[in-house]
Structures are given as C-alpha cells and as structure tokens.
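# Structural description and commentary
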Amino acid sequence: MYTGQFVYCGKKATLTCGNVLPLNVVPEGTIVCNIEAKAGDRGAFARGSGAFAVVVTHDEDKGTTRLRLPSGGKKTVPSNVRAQIG
C-alpha cells in the first residue's frame, strides 16, 4: 500500500493489494490479512505488523473457507467473511 492509494471494498473490488473482499471470491493461495471471524466483526485474525494468512481451500457445500494462520495453525471460517488482500 502507498499514500494516496484508493482502497475498494465489496465483492466487485479487484484482487489488488489493500482491497477488502469476501473470502468466497478470493482464489486459493492468496495472501490475506485482517480477517473476520464472523461476518461484520471488523477483523480478528492476522492483524499484527507483517502478519498474514493464506487461503488454503474453499468448501462450497458447507460455505466455509480454510486458512493457514501466522501461527501455523489452520482455521475454518465462513466464506462470507471479509479479508484485506496482501
């Protein structure tokens, strides 16, 4: 991110660093940060400086997404939660 950069939110936002997207539209292998635990809680995971998580897999049947967290652990969250790219 840089000074003066436009940051877009929502499922129509492009997949660029700084934008906020629902996890169900983020491809597997993408690096994300500031991930919500529940929809609308404004971010719970990977919020610290230099911390990031990786989208491992999507389960469309259950509506969940699996993440690899900075601690090395894996976490399953609903696919409709938002995360910042990069």
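Reading the values: the criteria
- Residues numbered from 1 in each chain as written.
- Predicted model: local features only at pLDDT ≥ 70, side-chain atom pairs only at ≥ 80, totals over all residues.
- Heavy atoms only, no water.
- Helix = DSSP H or I, 4+ residues; strand = E, 2+ residues; numbered from the N terminus.
- Buried < 20%, exposed > 50% of the residue type's maximum accessible area, 1.4 Å probe, protein only.
- Contact = heavy atoms within 4.5 Å.
- Lys, Arg positive; Asp, Glu negative; His and termini not counted.
- Charge placed at Lys NZ, Arg CZ, Asp CG, Glu CD.
- Pairing = 2+ DSSP bridges.
- Axes fitted to C-alpha atoms, helices over the stretch in contact; angles between N-to-C directions.

### Remarks on the overall build of the protein chain
Regarding its fold elements, the protein chain presents zero helices and six strands. Reading the protein chain from its N end, one meets helices and strands in the order β-β-β-β-β-β. Based on the C-alpha atoms only, the size of the protein chain along its principal axes is roughly 40 × 30 × 25 Å. For the protein chain, buried positions account for 35% of its 86 residues. Taking the intrachain contacts of the protein chain between residues at least 6 apart in sequence as the baseline, contacts between residues at least 24 apart amount to 45%. Within the protein chain, the 6 negative side-chain charges are centred at a point lying 8 Å from the centre of the 11 positive side-chain charges.

### Focus: the pairing of strand β5 (residues 74–78)
Strand residues, when the strand is regular, have side chains that alternate between the two faces of the sheet. Relative to β5, strand β4 (residues 64–68) runs antiparallel, the two being bridged by five bridges. In the sheet register, T64 faces β5, and the bridge partner there is P78. In sequence, β4 turns back onto β5 through a hairpin of five residues, with G72 there showing a positive phi of about 100 degrees.

### Remarks on the sheet that holds strand β3 (residues 53–59)
In any sheet, the strands associate via hydrogen bonds between backbone groups, in a parallel or an antiparallel arrangement. Taken in spatial order, the six strands of this open sheet run β1-β6-β2-β3-β4-β5, and their pairing is antiparallel. Whereas interior strands pair on both sides, the edge strands pair on one side only; in this sheet they are β1 (20–22) and β5. Direction aside, the axes of adjacent strands within the sheet are offset by 50 degrees on average. Two elements, strand β2 (residues 31–33) and β3, share two bridges in a ladder whose sense is antiparallel. Its bridge partner lying in β3, V32 is registered against A53.

This is a description of form; function is not addressed.
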